[in-house]
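Coordinate analysis (summary)
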Amino acid sequence: MVPELSVVIPMYNEEDVLPLLVQRLRPLLDGMGVTYEVVAVDDGSKDLTPALLHRHHREWPALRVLRLRANAGHQAAISAGLAAARGAYVVTLDADLQDPPEVIPEMLEAARRDNVDVVYGVRNDRSTDTWFKRVSAQTFYRFIRVMSGTSAHADAGDFRLMSRATVDAVNSLPEHNRVLRFVVPALGFPSDTVEYKREERAAGSTKYPLMKMIRLSVDSLTGISTAPLRLATIAGFVGAVFAILLIIYGLVARAQGHTVAGWTSTVAIVAGVGAVQLVCVGILGEYIGRMYAQLQGRPTYFVAYDSLAESSPRHGPTDTPLPATPREEHIPTQGVRRDQDGATKAPAPANPAPLG
Ligand code: UDP
Ligand code: MG
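Each value, and the rule that gives it
Residue numbers restart at each chain and count upward from 1, following the sequence in its written direction. Each chain is given a letter, starting from A, and each ligand a number, starting from 1, according to the order in which they appear as written. Only residues with pLDDT of at least 70 get local features here, since the model is predicted, and only at 80 or more are side-chain atom pairs given and counted; chain-wide, interface and lining totals rely on the full set of residues. Heavy atoms throughout the structure, all of them, feed into the side-chain values; hydrogens and water do not. Per the convention used, a helix needs a DSSP run of H or I reaching at least four residues, while a strand needs a run of E reaching at least two, with both numbered from the N terminus. Residue exposure (1.4 Å probe, protein chains only): buried if accessible area is under 20% of the type maximum, exposed if over 50%, otherwise partly exposed. Two residues form a contact once any of their heavy atoms are found within 4.5 Å. What sets the accessible areas is the Shrake-Rupley method with a 1.4 Å probe; for residues, cover comes only from the shown protein chains. Counted as coordinating are nitrogen, oxygen and sulfur atoms within 2.8 Å of the metal, or 3.2 Å for Na, K and Ca, while water is not included, which may make sites look incomplete. Using only the protein atoms, space was sampled on a 1 Å grid; points where a 1.4 Å probe fits but cannot get out form cavities, open sets with protein on both sides within 12 Å along at least five of seven lines form pockets, and lining residues are those with an atom within 4 Å of a point. Grid points are joined across faces, edges and corners, and a volume is the space filled by probe spheres set on the points. Under this grouping Gly is polar, as are all residues other than the nonpolar Ala, Val, Leu, Ile, Met, Phe, Trp, Tyr, Cys and Pro and the charged Asp, Glu, Lys and Arg.

A short note on the overall build of the chain
Within the chain, the secondary structure is distributed over eleven helices and eight strands. When each of the 356 residues of the chain is scored for burial, the buried share is 45%. Looking at the chain alone, contacts between residues at least 24 apart form 81% of all its contacts between residues at least 6 apart. Here the chain displays about 18300 Å² of accessible surface, and carbon together with sulfur accounts for 62% of that area.

Right, dumping it as structure tokens:
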């Protein structure tokens, strides 16, 4: 049976917030009057998240547990959830209750009323975010918009509802390291927005350290735009023109008999040009890295376990919170067709190596 609604929730070490999430989400979804499934994607947590999920799953069968073999990152975890979700509409939601689940019925209603494919949750108030996060996010979105012309909403994160058609489209994209908040608007499907107030993280601490944020930013930019490559070219041209002018000036100065003094200026120029070159090489490197990853065709995540597959009559119920020998199953982000029942078929790699 295909549920009307799937709620995909990526979780990485969320043992503190998980009970609060279940407490708040379950009555809400039960009261919506639609058939639903919650796809909890455990992104290789090292704490009690998987055990807690299994405990909740026993009391709440609609809570489906999808466990990734290793930490794949927020975006890859959402991708795994989208590939597994069966609903006619799919909502993606953070586990930490910063995105209030109470907005989900509004999103579903908006999608049905206006017959749109995507409903973005848009934060109308970021006062609970840190000053650094607010400023960096604002600057970054503006930069992206200028660089790529994409129309991604500056205050829309990963809280959104998508129709089955949108989810299928996203699943069929071959690209790796996709950043969904830019990929989905780039599809250009009809959309709506619903405003909400971004709340404080309900418990636990952020799972997005600075390095992960920088990684997300670089993936976002190189994923949607080749403008930085042009930027490198422009910087190169400007540097070349500058160098030619300097040479002309040097020749003129020599002809007029006064030597160009200045060790400092020479060093400064050498260093400046060197810096521009390094930046350009770095930018090229980012894109070559992307192409390399694409050529390798390695999946960005590996599914270790899916409670849905586990609960089919063939397997029988399981008592152990974590199966000792999880079903060998691996879901690459590309080239895999899904059956009606959502089962994904692909041979397990002999030795799945994590992505670098
Ligand atoms: N998350 C994940 N894998 C990771 C990092 C984060 O699945 O490697 C999940 C996390 O559990 C949460 C969501 O992504 O549900 C957003 O993370 P978080 O709330 O820590 O980010 P922030 O709101 O601080 O930007
Ligand atoms: Mg958060």
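Describing the coordination of the magnesium ion (ligand 2)
Here the magnesium ion (ligand 2) is held by Asp-96 (OD) and Gln-98 (OE1), and the distances to it run 1.9 to 2.0 Å. What makes Asp-96 buried here is its relative accessible area of 5%.

Digging into empty space enclosed by the protein
By the definition in use, this model includes two cavities of 30 Å³ or more. Of the voids in this model, the largest cavity is the one considered here, and its volume is about 40 Å³. What lines the largest cavity is Ile-9, Met-11, Leu-18, Leu-21, Val-22, Leu-25, Val-38, Trp-60 and Leu-63. A total of four residues in the lining of the largest cavity trace back to one element, the largest contributor, which is helix H1 (residues 18–30). Among the residues forming the lining of the largest cavity, the class breakdown is nine nonpolar, no polar and no charged. Space inside the second largest cavity adds up to approximately 30 Å³. Contributing to the lining of the second largest cavity are Glu-175, Asn-177, Arg-178, Val-179, Phe-182, Val-183, Asp-219, Ser-220, Gly-223, Ile-224 and Arg-290. Within the residue set of the lining of the second largest cavity, elements represented by two or more residues are helix H7 (180–187) and helix H8 (210–224). Among the elements that make up the lining of the second largest cavity, the one with the highest residue count is H8 (four residues).

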